[in-house]
Amino acid sequence: MSAAIGTGPSSASPARSVPVIAIDGPSASGKGTVAERVARRLGFHYLDSGAIYRAAALAAQQAGVASDDVAGLTAIATALPLVCSGGRILLGGTDVSEAIRSEPISAAASAVAAFGPVRAALLERQRAFRQPPGLVADGRDMGSVVFPDALLRVFLTASARVRATRRHKQLMEKGLPANLDLILQDLVTRDDRDSRRAVAPLQAGAPDTVLDSDAMTIDEVVDEVLERYRRAVAI
Ligand code: DC
């Protein structure tokens, strides 16, 4: 199973009987870590949908496509030469696993993701990850748009300050430059755009289990998701 994006094949018809756990939430809410751990515990595939938007943003930047050129961005998304291999993300054969995590690409991915045609172009690519025995998918619209029939929908959140502090710590640990106030500002801007956009905005829906990771450890969140999944399967 890939740490970054999952093991789903690049093309396959989605099997609707395959169970999906959808984990949506704002940036740095811990959803990637939780989704990956839940997938590992269940032996399920894992989809990091944000990595696909990030790769599209990077590809657009490399091709010199402007951030407001919707037709150009959609063409890039449609033909995205994305491959997941051994836990790495390859774009046109080049390993971009680290490059897509930079702050400029985070902002660019959020901007690219606001365009409906770009999202539509990436939809089937994400659904192809739905393979037996199951899938845990994290993002912004996993439960609302990509897998609306998910067996369990979780909305994982945390306060902006806690999320910014976590991101700051991660960057410091990697020896990268980090300014807490700037990180907080970027997070708030990005969440605002991801939540207010017209297409597939980030928001908790009625059937979602809302978990606040301010008040819980990652292990507690993982256990709670697994418990809720077992209850959903038993119904
Ligand atoms: O989860 P992430 O921070 O890696 O996502 C990067 C950006 O991609 C995020 O700001 C919004 C966008 N995104 C999205 O619109 N829908 C998704 N399912 C996943 C990510």
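First, a word on what this report is: a plain description of the structure on this page. (Residues numbered from 1 in each chain as written. Predicted model: local features only at pLDDT ≥ 70, side-chain atom pairs only at ≥ 80, totals over all residues. Heavy atoms only, no water.)

Remarks on the sheet that holds strand β6 (residues 135-139)
One key point about sheets: their strands pair by backbone hydrogen bonds, in either a parallel or an antiparallel sense. We count it as follows: Whether two strands pair depends on DSSP finding at least two bridges between them. A run of H or I in DSSP counts as a helix once it spans at least four residues, and a run of E counts as a strand once it spans at least two, with each numbered from the N terminus. Every axis corresponds to a line fitted to the C-alpha atoms, with the helix fit spanning only the stretch in contact, and the corresponding angles, defined between N-to-C directions, vary from 0 to 180 degrees. The contact definition used throughout considers only heavy atoms, calling two residues in contact when any of these lie within 4.5 Å.
A sheet is described by the order of its strands in space; here 5 strands give the open sequence β2-β6-β1-β7-β8, paired in parallel fashion. Strands with a single pairing partner mark the edges of an open sheet, and in this sheet they are β2 (45-48) and β8 (209-212). Across the sheet, the axes of successive neighbouring strands diverge by a mean angle of 20°, strand direction being ignored. Pairing analysis gives 4 bridges linking strand β1 (residues 20-24) to strand β7 (residues 152-157), with the strands arranged parallel. By the bridge assignment for β7, isoleucine 21 is matched with leucine 152. Set on the sheet, helix α9 (residues 218-234) makes contact with β1, β7 and β8; between it and β7 the angle comes to about 160°.

Description of the site of the ligand
To be explicit about the condition: Being near a molecule or strand, for a residue, comes down to having at least one heavy atom within 4 Å of it. Polar contacts here mean pairs of N or O atoms no more than 3.5 Å apart (in protein, one a potential hydrogen donor and the other a potential acceptor; neighbouring residues in sequence count only if both atoms are side-chain atoms). Here, Shrake-Rupley sampling with a 1.4 Å probe gives the accessible areas, and only protein chains in the shown set may cover a residue. Under this grouping Gly is polar, as are all residues other than the nonpolar Ala, Val, Leu, Ile, Met, Phe, Trp, Tyr, Cys and Pro and the charged Asp, Glu, Lys and Arg.
Taken together, 16 residues are adjacent to the ligand, and Arg54, Arg119, Arg140, Asp194 and Arg197 come closest. At 2.9 Å from a nitrogen atom of the ligand is found a side-chain nitrogen or oxygen belonging to aspartate 141. Taking 450 Å² as the accessible area of the ligand by itself, protein coverage stands at 97%. For the shell around the ligand, the elements supplying multiple residues, two or more each, are α2 (49-63), α4 (103-112) and α8 (180-196). By residue number, the principal contributor to the shell around the ligand is α2, which donates 4 residues. Tallied by class, the residues present in the shell around the ligand amount to 4 nonpolar, 4 polar and 8 charged.

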